[in-house]
Structure formats: structure tokens, C-alpha cells
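Letter by letter, the chains look like this.
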Amino acid sequence: MIEIRNLSQRFAGPRGWVEALHNVNLTIPAGEVFGIIGRSGAGKSTLVRTINLLTRPSEGNVIVDGRDLTTLGKDDLRAARRDIGMIFQHFNLLSSRTVYGNVALPLELAGKKRAEIEAAVLPLLDLVGLSTHKDKYPAQISGGQKQRVGIARALASRPKVLLSDEATSALDPETTRAILDLLRKINRELGLTIVLITHQMEVIKQVCDRVAVLDAGRVVEEGKVVDVFMQPHHEVTRALIGDVIAHELPPALKARVTERLKTGSGHLLRLAFTGSGVDQPILSETIRRYELDFNILHGQIDEIQGQAFGSLAVLAGGQPVKIAEAIDYLRSQGVVVEELSHVE
Ligand SMILES: Nc1ncnc2c1ncn2[C@@H]1O[C@H](COP(=O)(O)OP(=O)(O)OP(=O)(O)O)[C@@H](O)[C@H]1O
Ligand SMILES: [Mg+2]
């Protein structure tokens, strides 16, 4: 488990201090894939570098597996860092070393014997699907394969935690999916805790159990991925989710809806539901029971780690009291209902 307590990070900038992290508190349970998302400059890389103390925090503590890294001396810190692997956006491979040589490097640096190194590296190459490429050089393999080398190298010292800073940002969507699947497999098979930094909600949606949203150095929202998607609270979260679920309506439709809302004859609702709600006739049942008309403006069925997730924007017409009853009914069925008074 990783505990981040009251973490702040200040840098001296040309116009005074820059507060890159402000009083960040996070608990990352062991064995989870934990996502940290935020816009550019939010402080994500600073946070991840502080987790393994590559940069010392101005204030606060980083506790990994019960040990407070900020209190450790040089040697103890070096030893503790072996429990924390890291992968990067630009892979950071040595071009003069083969695939095998890159993965072996941390073990060589740790003074391990040749046979021991081989016994560790070959299964790792197998795990990441690179056995047949072991004698190639980085220039001879694809971006996705390079990241597989980066992952195998990070795993060489058998870490308990893997930190990933935008590890899929330089890859196309298909390769991204394959790398995220590999990370998920490693998480499951090795029980590794993974902290995954990204600016893409798509990445969070595909592999993370929990997510924290970072904005201007602060954690503005945190929770299980499904919950955050069902009911995003912070505007930054909404904007980031907007990449996946388009809340926005086509302009002509927007104009008509705005007109109806002005005359007070419609209620604009956002409905979000998961699991059984997706394939049960809750909507048609609601319409029948409360004699409403529902105009579906926008809808999307998606999947969050194998769990169906739906989001609908509807313009509901009917008697106000019936609409209120309908909202209660929908909520009793596990649907998250949000009343939007206006169209953005
Ligand atoms: N070493 C440093 N010295 C001064 N300022 C820094 C330093 N490192 C980061 N910053 C500043 O801290 C803020 C957060 O930067 P950081 O790199 O953590 O953002 P990020 O969320 O990783 O952004 P991106 O998505 O673009 O990678 C920025 O304003 C940045 O300019
Ligand atoms: Mg960054």
C-alpha cells in the first residue's frame, strides 16, 4: 500500500514559487491499478517522481509498505527504490544494448551473476511477449515492443509497485490497448500495485480500479472508476470524461432543447446506469408508469473493465409531479439521475 500524506511540492520559478503539488493525500491499496489523471501541468509527473523520491517533497510523507521513504537515509532509500519500478512515455532504452541487455541492466548494476540474470530475464521476456526479439536493438523494434522492454526492465528487480508516467501516450490506440492489457495481466499475475499516470480517460476506463483527478496540484476528485464515471462531481472530471462520453449536443438540437426549457415544458435529465440497468427495460417502464414522454437526445453504451455502462441525455415531458416521481423511481432502480436545468 502507498500512502501519500499532506504532500506539497514547490519549485522556484522565474516569477517566484510554483506550487506543483498542494497538500495531496492519497491511499493506494496494494494490488490495485490506480489511475491519476489531469490536464497538462496539473502536477502528475511531479507526483509520480515524488512517490519514489526522485524529487524530495517540500512537505509531507510517502509511505510505501509501511515505510516512510522521506525518513530513509541514502542506502535505505536505494534499497526501498528497488521495490518501485517505473516506465516512461519515451521508453528510455539504451540504444547500444539489445532487448535482453536492456532488461538485464538493473540486475547487472545490482551485481547479480550471469546465470542468475539469465534465469530472471528470460521469463520476463516471455511474460511481455518478446522472447523471439531478445537479440534485437531498440532501433529494430516497434514502439509497442519498446514499451514491453521498458516493462520487463522495470520488473527485473521484482518490484512491488510499478509507476507508469504516460507510458502509452506515444503509442497508437491499438498498441495502447495491448500494453494496457499487458499491465493488467502483470497486475493480476504478479499482484503488482500499479500507479498509472495519464491525461486520457480512455486509459483510466480500460485498466484502472480507482482514479484520482489532479488539477492545479490538488486532488479534486477520487473514487472507484465506475462511480466517477456514473457521477462526476468536479468540472475538470466532467471535461475529461467528455472525451469518452460526449455530453454535447448537435447545435440544432441544442437550440430546440433550449427553447423548450425556456418555456418550462421540459426537464433535461442525465441518466447513468451500469450492469443490469443497461439491458433492462427501466426506461420504457418509467415512461409507461408516469405517463411521460422521453426524448432521447444523446446516448452511449460503453464498457468499463467488462462492465456495461450507459449514459443518456433525455428531455422529459409530463406533469411536474409525475416527473419527480419518475426520478425517484429511476433512482430506486440504481440509475443515477442528474437534473440539468440548462444546455451547455
Ligand atoms: N523542476 C521543476 N522546476 C520548476 N517547475 C517545475 C519543475 N517540475 C515541474 N514544474 C512545474 O510544476 C507544474 C506541474 O508540472 P508536471 O510536469 O508535474 O505536470 P504534468 O501534470 O505531468 O503535465 P504533463 O501532462 O504536461 O506531463 C508545472 O507548472 C511545471 O511547470
Ligand atoms: Mg507529465
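Residues numbered from 1 in each chain as written. Chains lettered and ligands numbered in written order. Predicted model: local features only at pLDDT ≥ 70, side-chain atom pairs only at ≥ 80, totals over all residues. Heavy atoms only, no water.

Caption draft 1: Structural view of the packing of aromatic side chains. Using the criterion set out here, one finds two aromatic pairs in the structure. Centroid distance Phe-229 to Phe-309: 6.0 Å. Interplanar angle 85°. Geometry classified as edge-to-face. A residue pair is termed long-range when its members are at least 10 positions apart, and Phe-229 in helix H8 (residues 225–230) and Phe-309 in strand E13 (residues 307–317) qualify at 80 residues. Given the relative accessible area of 1%, Phe-309 is considered buried. Ring geometry for Tyr-290 versus Tyr-329: centroids 5.9 Å apart, planes at 50°, classification tilted. Residue Tyr-290 is located in the loop between helix H12 (282–289) and strand E12 (293–304), and its partner Tyr-329 is located in helix H13 (residues 320–332); the two are separated by 39 residues in the primary sequence. (Phe/Tyr/Trp six-rings, centres within 6.5 Å; stacked < 30°, edge-to-face > 60°. Helix = DSSP H or I, 4+ residues; strand = E, 2+ residues; numbered from the N terminus. Buried < 20%, exposed > 50% of the residue type's maximum accessible area, 1.4 Å probe, protein only.)

Caption draft 2: Quick look at the sheet that holds strand E6 (residues 84–88). With respect to topology, six strands assemble into an open sheet ordered E6-E7-E8-E3-E9-E10, the strand pairing being mixed. This sheet does not close on itself; its edge strands, each paired only once, are E6 and strand E10 (218–224). For this sheet the average axis-to-axis angle between neighbouring strands, irrespective of direction, equals 15°. Direction of pairing for strand E7 (residues 161–165) relative to strand E8 (residues 193–198): parallel, over a ladder of five bridges. (Pairing = 2+ DSSP bridges. Axes fitted to C-alpha atoms, helices over the stretch in contact; angles between N-to-C directions.)

Caption draft 3: Local environment of the domain arrangement of the protein. On domain assignment, one finds that the protein holds domain 1 (2–241) and domain 2 (251–340). Placing a centre on the C-alpha atoms of domain 1 and another on those of domain 2 gives a separation of 39 Å. Every contact between the two is made by 13 residues of domain 1 and, on the other side, 13 residues of domain 2. Ranking the residues of domain 1 by area buried against domain 2 places Lys-205, Val-226 and Met-230 at the top, with a combined share of 59%. (Domains from an automatic or database assignment. Contact = heavy atoms within 4.5 Å. Buried area = accessible area lost by both parts, 1.4 Å probe.)

Caption draft 4: Highlighting helix H5 (residues 143–155). With 13 residues, H5 extends 18 Å between its outermost C-alpha atoms, agreeing within 8% with the 18 Å of an ideal straight helix rising 1.5 Å per residue. Extensive coverage of H5 is indicated by the burial of ten of its 13 residues. Buried residues of H5: Gly-144, Gln-147, Arg-148, Val-149, Gly-150, Ile-151, Ala-152, Arg-153, Ala-154 and Leu-155, and no others. Of the surrounding secondary structure, the elements contacted by the buried residues of H5 are E6, helix H3 (99–109), helix H4 (114–127), E7 and helix H6 (173–190). (Expected span 1.5 Å × (residues − 1).)

Caption draft 5: Quick peek at the layout of surface pockets. If you add up the space inside the largest pocket, you get close to 760 Å³. What lines the largest pocket is a set of 23 residues, among which Arg-81, Arg-82, Ile-84, Pro-106 and Ser-157 lie closest to the centre. Residue assignment for the lining of the largest pocket shows that the elements contributing at least two residues are helix H2 (74–81), E6, H3, H4 and H5. A class-by-class count of the residues in the lining of the largest pocket yields 13 nonpolar, three polar and seven charged. (1 Å grid on protein atoms, 1.4 Å probe; cavity = no way out; pocket = protein on both sides within 12 Å on 5 of 7 lines; lining within 4 Å. Points joined across faces, edges and corners; volume = space filled by probe spheres on them. Nonpolar A, V, L, I, M, F, W, Y, C, P; charged D, E, K, R; others polar.)

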